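Residue strings, one per chain:
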Amino acid sequence: YFCRHGERWELQLKGSGKTPYSRNGDGRAVLRSSVREFLCSEAMHYLGIPTSRAASLVVSDDDVWRDQFYNGNPKKERGAIVLRLAKSWFRIGSLEILAHSGELDLLRRLLDFVIQEHFPSIAMNDSNRYLEFFSMVVSETANLISLWMSVGFAHGVCNTDNFSLLSITIDYGPFGFMDSYDPNFVPNTSDDERRYKIGNQASVGLFNLSKLLQALKPLLDPRQKQLASQILEGYGEHYYSRFTELFKTKLGLLGENENDNYLIAFLLKVSLFW
């Protein structure tokens, strides 16, 4: 799909029915979650956070059965379909599954397609193109999660299938915004182990990037593998630097002061008790 500005966007219907990726699900969506996705993705866009967009929402006449609170009491709800847009819907999991199944030729072809279409600064004849691609995904993922944290956004299911290769926010299933700072905040009622609590988001990002590196390794030579590991080690520093920059801007802190980080941590701790 091409827009009037010459950009190309991929369209995706959420809730339209079963696809090859539905597993045991019905491929449907209920109205309440569809409205939330529509509103939140648009809100995130206008907050300046990279995200998929919502073009339309259509209410269905079909009923959908859902156990909203996961307590064994499913209820009939009104269905809906959201038309979602993104520059690409490829995820870390898209590469991971190909590497896991040994489809290395297809993995290489998909990577080259993604790089050619969405990473114009990387030359296709560069033997280090996969390394450069990985470096950009690492830095942009750190930037994205820093932005999430700066607005108190918690993505409820941070697995590799929900992490975009373009480092945009996708797949608004369970999600939430903190009313006050709480590192244990979990928006997903089915996440009993608090695996994806907001305080874990940066660490989960690192875990997912390590899975991306694992998927890329069959295409890298020994030197590139070593450099890629060094790039991944720099994720934490990049995240912390961006996080600090965002919060200093929020607080109106100018210049560099050794007490800046203490002040940020102190204010977050204070808000925990509001």
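- As recorded in an unreviewed UniProt entry, the protein goes by the name Selenoprotein O, listed as coming from Copsychus sechellarum.
- You can read under Sequence similarities (unreviewed entry) in the UniProt record for the protein the words "Belongs to the SELO family."
- Listed under Cofactor (unreviewed entry) in UniProt, the entry text for the protein is "Mg(2+)".

### A few points about the overall build of the protein
Here comes step 1: In terms of regular secondary structure, the protein is built from 8 helices and 5 strands.
Here comes step 2: In terms of overall dimensions, the protein is globule-like: its C-alpha atoms have a radius of gyration of 20 Å, near the 19 Å expected for 274 residues.
Here comes step 3: Each of the three principal axes of the protein carries a C-alpha extent, and together these read 55 × 55 × 40 Å.
Here comes step 4: Buried residues in the protein amount to 42% of all 274 residues.
Here comes step 5: Partitioning the intrachain contacts of the protein with sequence separation of at least 6 by distance along the chain shows that 61% fall at a separation of at least 24.
Here comes step 6: Looking at the protein as shown, the accessible area adds up to about 15400 Å², and 53% of this sits on carbon and sulfur atoms.

### Focus: the pattern of salt bridges
Here comes step 1: Following the criterion strictly, the structure yields 17 salt bridges and no others.
Here comes step 2: Of the charged contacts in the structure, one is a salt bridge between Glu 37 and Arg 84, with a shortest N-O distance of 2.9 Å. Linking Glu 37 in helix H1 (residues 31-46) with Arg 84 in strand E3 (residues 75-86), this pair joins segments that are 47 residues apart in sequence.
Here comes step 3: Residue class for Glu 37 comes out buried when judged on its relative accessible area of 2%.
Here comes step 4: Overall, the relative accessible area of 5% leaves Arg 84 in the buried class.
Here comes step 5: Between Arg 242 and Glu 245 there is a salt bridge; the shortest N-O distance is 3.3 Å. On the criterion of helical spacing, the pair formed by Arg 242 and Glu 245 is a turn pair, its members being 3 residues apart in helix H7 (residues 235-251).
Here comes step 6: One connected set of salt bridges, linked through shared partners, spans Lys 14, Glu 37, Arg 84, Arg 91 and Asp 171.

### Examining H1
Here comes step 1: Helix length check: H1 (16 residues) gives 23 Å between terminal C-alpha atoms against 22 Å at 1.5 Å per residue, within 8%.
Here comes step 2: Within H1 the residues assigned to the buried category are Ser 34, Glu 37, Cys 40, Ser 41, Glu 42 and Met 44.
Here comes step 3: Buried positions along H1 lie against strand E1 (10-14), strand E2 (53-66), E3, helix H4 (129-150), strand E4 (153-155) and strand E5 (175-177).

### Quick look at the side chain of Thr 244
Here comes step 1: Along the chain, the position of Thr 244 falls in helix H7.
Here comes step 2: Setting aside chain neighbours within four positions, we find Thr 244 in contact with Asn 261 and Ile 264.

Definitions and limits used
- Residues numbered from 1 in each chain as written.
- Predicted model: local features only at pLDDT ≥ 70, side-chain atom pairs only at ≥ 80, totals over all residues.
- Heavy atoms only, no water.
- UniProt positions renumbered as here; feature names shortened; annotations may be inferred.
- Helix = DSSP H or I, 4+ residues; strand = E, 2+ residues; numbered from the N terminus.
- Rg over C-alpha atoms; globule rule 2.2 N^0.38 Å.
- Buried < 20%, exposed > 50% of the residue type's maximum accessible area, 1.4 Å probe, protein only.
- Contact = heavy atoms within 4.5 Å.
- Areas by Shrake-Rupley, 256 points an atom, 1.4 Å probe, with all protein chains shown as cover.
- Salt bridge = Lys/Arg side-chain N within 4 Å of Asp/Glu carboxyl O.
- Expected span 1.5 Å × (residues − 1).

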